[in-house]
Amino acid sequence: MTTEAAPPPGSAGTPPAVPTADDYTSVQQSAEFGELRSSYRSFAFPLTVAFIAWYLLYVLLSNYAGGFMGTKLFGNINVALVLGLAQFATTFLIAWLYARHAAARLDPRAEAIKARMEAAE
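Residues numbered from 1 in each chain as written. Predicted model: local features only at pLDDT ≥ 70, side-chain atom pairs only at ≥ 80, totals over all residues. Heavy atoms only, no water.

Draft legend 1. Expanded view of the pattern of salt bridges. Under the counting rule described, the total for this entry stands at one salt bridge. Where Glu 32 meets Arg 116, a salt bridge forms, and the shortest distance between an N and an O atom there is 2.0 Å. In this pair, Glu 32 is assigned in helix H2 (residues 31–64) and Arg 116 in helix H4 (residues 79–119), connecting sequence segments 84 residues apart. Overall, the relative accessible area of 28% leaves Glu 32 in the partly exposed class. (Salt bridge = Lys/Arg side-chain N within 4 Å of Asp/Glu carboxyl O. Helix = DSSP H or I, 4+ residues; strand = E, 2+ residues; numbered from the N terminus. Buried < 20%, exposed > 50% of the residue type's maximum accessible area, 1.4 Å probe, protein only.)

This is how it looks when you write it as structure tokens:
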């Protein structure tokens, strides 16, 4: 059994234009692409640095502040366990924040650039 699928929205049955190397170069040098890269970097770089610092703090505390890390908070739960679990929580938080940032600021700009390049002939 076969089914006839409709072409994707916005397509008139013609394949998109194949950009040339010159097209890629001109897009890379455009202000719009510069803004896209700047938006990505202004989000990704600070969060990457902050997370690496947070991770190194945890490692250094584990190595050199054993007494502090072994401090019991309640029951058999100590500071080291809480901070270790916070590493996982932080990872998921950053991934969620990045997904929101990309959907709101990066994806629309990248899609506009892509659409313009595919429409060019």
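Draft legend 2. A look at the UniProt feature "transmembrane region" (unreviewed entry) in the protein chain. The feature "transmembrane region" (unreviewed entry), as given by UniProt, occupies residues 43–61 and 73–99 in the numbering adopted here. Secondary structure over residues 73–99 splits into 78% helix and 15% strand, and the C-alpha atoms at its two ends are 34 Å apart. (UniProt positions renumbered as here; feature names shortened; annotations may be inferred.)

Draft legend 3. Representation of the packing of aromatic side chains in the model. Evaluated as defined, the whole model comprises two aromatic pairs. With a centroid separation of 6.4 Å and 85° between ring planes, the pair formed by Tyr 40 and Tyr 98 is classed as edge-to-face. Here Tyr 40 is found in helix H2, whereas its partner Tyr 98 is found in helix H4, with 58 residues between them in sequence. Note on Tyr 40: relative accessible area 39%, which makes it partly exposed. A centroid spacing of 5.9 Å and a plane angle of 45° characterise the contact between Phe 43 and Tyr 98, whose relative ring orientation is tilted. (Phe/Tyr/Trp six-rings, centres within 6.5 Å; stacked < 30°, edge-to-face > 60°.)

Draft legend 4. The arrangement of the nonpolar core in detail. Among the nonpolar cores identified, the biggest contains six residues, and these are Val 27, Leu 36, Ala 102, Leu 106, Ile 113 and Met 117. Broken down by element, the residue count for this core peaks at four residues, all from H4. The residues contacting Ile 113, other than those within four sequence positions of it, are Val 27, Glu 32, Phe 33 and Leu 36. Ranked by size, the runner-up nonpolar core spans five residues in total, among them Met 69, Val 79, Ala 80 and Leu 83. (Core = buried A, V, L, I, M, F, W, Y, C linked by side-chain atoms within 4.5 Å. Contact = heavy atoms within 4.5 Å.)

Draft legend 5. Inspection of a nonpolar patch on the surface at higher detail. Judged by side-chain polarity, Ile 52, Tyr 55, Leu 56, Leu 60 and Tyr 64 come together as a nonpolar surface patch covering roughly 570 Å² of accessible area. Considering the arrangement of structural elements, one finds Leu 60 in helix H2. Taking relative accessible area as the criterion, Leu 60 reaches 47% and is therefore assigned partly exposed. (Patch = residues over 30% accessible without salt bridge, like charges linked within 9 Å, V, L, I, M, F, W, Y side chains within 5 Å. Areas by Shrake-Rupley, 256 points an atom, 1.4 Å probe, with all protein chains shown as cover.)

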